[in-house]
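The lines below spell out each chain.
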Amino acid sequence: GNSVTQMEGPVTLSEEAFLTINCTYTATGYPSLFWYVQYPGEGLQLLLKATKADDKGSNKGFEATYRKETTSFHLEKGSVQVSDSAVYFCALLTTSGTYKYIFGTGTRLKVLA
Amino acid sequence: GAGVSQSPSNKVTEKGKDVELRCDPISGHTALYWYRQSLGQGLEFLIYFQGNSAPDKSGLPSDRFSAERTGGSVSTLTIQRTQQEDSAVYLCASSLVTGSGSYNEQFFGPGTRLTVL
């Protein structure tokens, strides 16, 4: 079946550190891949997406590349800020059969000044 | 309104009672999704609507859960005979269209926190 696995949190980093949050997926067909972010006290919002293999999604300094060979979509940022503290969710959209979003369990990031 | 709204924001109920959760999607969005967010469980897909029809109900946990959408707009998620394990945050999201096209970004509402005593 379809599933998303992301690294356990919480992840605690100092400001300006490099961030990687791992995400791997299992899916039939060719899913679209997403990262959503939930800031404290706010609803989920789309951070970035990629719809086909080798696509790179980017936004607000975050990047993720759709790697079909490793079924991965790792989130990276070169220099995190305190304002990046949030919960990050990796997700896929199934494209065979019905269109359904499958989310990972979320990774909490805390950035210290 | 400008975004997806949900009501109530908080609901406390007794085990065995029925509850109704409401979602108002962004005007013009044809696709509407319901999720459940439990502590440590991430987001669990429940059901989605394309217009007023629900192509995929496979995520509904049991026959106590049902949902409907009328007029291609407002949706109601109903939980009958609530159980303590139903306690969670129920999230609604809408998107302009469904499918793998360019307009499938979901916009989430603030959620309804349900507590079953």
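Structure report, in brief.

So, how was this worked out
- Residues numbered from 1 in each chain as written.
- Chains lettered and ligands numbered in written order.
- Predicted model: local features only at pLDDT ≥ 70, side-chain atom pairs only at ≥ 80, totals over all residues.
- Heavy atoms only, no water.
- Contact = heavy atoms within 4.5 Å.
- Salt bridge = Lys/Arg side-chain N within 4 Å of Asp/Glu carboxyl O.
- Polar contact = N/O pair within 3.5 Å; in protein donor to acceptor, adjacent residues only side chain to side chain.
- Helix = DSSP H or I, 4+ residues; strand = E, 2+ residues; numbered from the N terminus.
- Pairing = 2+ DSSP bridges.
- Axes fitted to C-alpha atoms, helices over the stretch in contact; angles between N-to-C directions.
- Buried < 20%, exposed > 50% of the residue type's maximum accessible area, 1.4 Å probe, protein only.
- Phe/Tyr/Trp six-rings, centres within 6.5 Å; stacked < 30°, edge-to-face > 60°.

1. Points about the interface of chain B and chain A
In many reports, interface size means the accessible area that the parts give up when they come together.
Okay, step 1: With 23 residues of chain B at the interface, the matching set in chain A holds 18 residues.
Okay, step 2: On the surface where chain B and chain A come into contact, there are zero salt bridges.
Okay, step 3: On the surface where chain B and chain A come into contact, there are two residue pairs in polar contact (both at pLDDT 80 or more).
Okay, step 4: It is strand E5 (residues 42–50) of chain B that provides the largest number of residues to the side of chain B that touches chain A, a total of four residues.

2. Description of the sheet that holds strand E8 (residues 75–79) of chain B
Residues and elements named next belong to chain B.
Okay, step 1: In spatial order, the strands read E1-E3-E8-E7; together these four strands make up an open sheet with antiparallel pairing. At either end of the open sheet lies a strand with only one pairing partner, and these are strand E1 (5–7) and strand E7 (65–69). When strand polarity is set aside, the average angle formed by the axes of neighbouring strands in this sheet is 15°.
Okay, step 2: Direction of pairing for E7 relative to E8: antiparallel, over a ladder of five bridges. Looking at E8, one finds that Ser66 is bridged to Thr78.

3. A word on the environment of A:Phe103
Okay, step 1: Inspection of the secondary structure assignment puts A:Phe103 in strand E11 (residues 101–103).
Okay, step 2: Take A:Phe103: its relative accessible area is 8%, and that puts it in the buried class.
Okay, step 3: For the pair A:Phe103 and A:Gly29, spaced 74 residues apart in sequence, the C-alpha separation works out to 17 Å.
Okay, step 4: Look past the residues within four positions of A:Phe103 in its chain and what remains in contact with it is A:Val4, A:Tyr36, A:Leu44, A:Phe89, A:Cys90, A:Ala91, B:Tyr35, B:Leu43, B:Gln106 and B:Phe108.

4. Focus on unusual backbone geometry
What you tend to see is this: most non-glycine residues have negative phi, and most peptide bonds are trans.
Okay, step 1: Omega for the peptide link from A:Gly9 to A:Pro10 comes to -5°, which places this bond in the cis form.
Okay, step 2: Here A:Pro10 is to be found in the loop between strand E1 (3–6) and strand E2 (11–14).
Okay, step 3: Unlike most non-glycine residues, A:Glu16 shows phi in positive territory, near 80°.
Okay, step 4: With relative accessibility at 61%, the residue A:Glu16 sits in the exposed group.
Okay, step 5: In the Ramachandran plot, B:Arg81 falls in the positive-phi region, its phi being about 45° despite a non-glycine side chain.
Okay, step 6: If you trace the backbone, B:Arg81 turns up in the loop between E8 and strand E9 (88–95).

5. Thoughts on the side chain of A:Thr65
Residues and elements named next belong to chain A.
Okay, step 1: You can see Thr65 is positioned in strand E8 (residues 62–65).
Okay, step 2: Of the residues examined, Thr65 reaches a relative accessible area of 18% and is grouped as buried.
Okay, step 3: In this structure Thr65 touches Asp54, Asp55, Lys56, Ser72, Phe73 and His74, once residues within four positions along its chain are discounted.

6. Observations regarding the environment of B:Ala67
Residues and elements named next belong to chain B.
Okay, step 1: Here Ala67 lies in strand E7.
Okay, step 2: Given the relative accessible area of 22%, Ala67 is considered partly exposed.
Okay, step 3: For the pair formed by Ala67 and Leu21, sequence separation is 46 residues and the distance between their alpha carbons is 9.3 Å.

7. Side note on the packing of aromatic side chains
Okay, step 1: Counted under the stated rule, the structure contains 15 aromatic pairs over all chains.
Okay, step 2: Both rings, one in A:Phe62 and one in A:Tyr88, keep their centres 5.6 Å apart while their planes meet at 40°; by these two values the pair is tilted. Of this pair, A:Phe62 sits in strand E8 while A:Tyr88 sits in strand E10 (residues 86–93), and the two are 26 residues apart along the sequence. We note that A:Phe62, like A:Tyr88, is buried.
Okay, step 3: Measuring from ring centre to ring centre gives 5.6 Å for B:Tyr33 and B:Tyr48, while their planes differ by 20°; the resulting arrangement is stacked. With B:Tyr33 in strand E4 (residues 31–38) and B:Tyr48 in strand E5, this residue pair connects regions lying 15 residues apart in the sequence.

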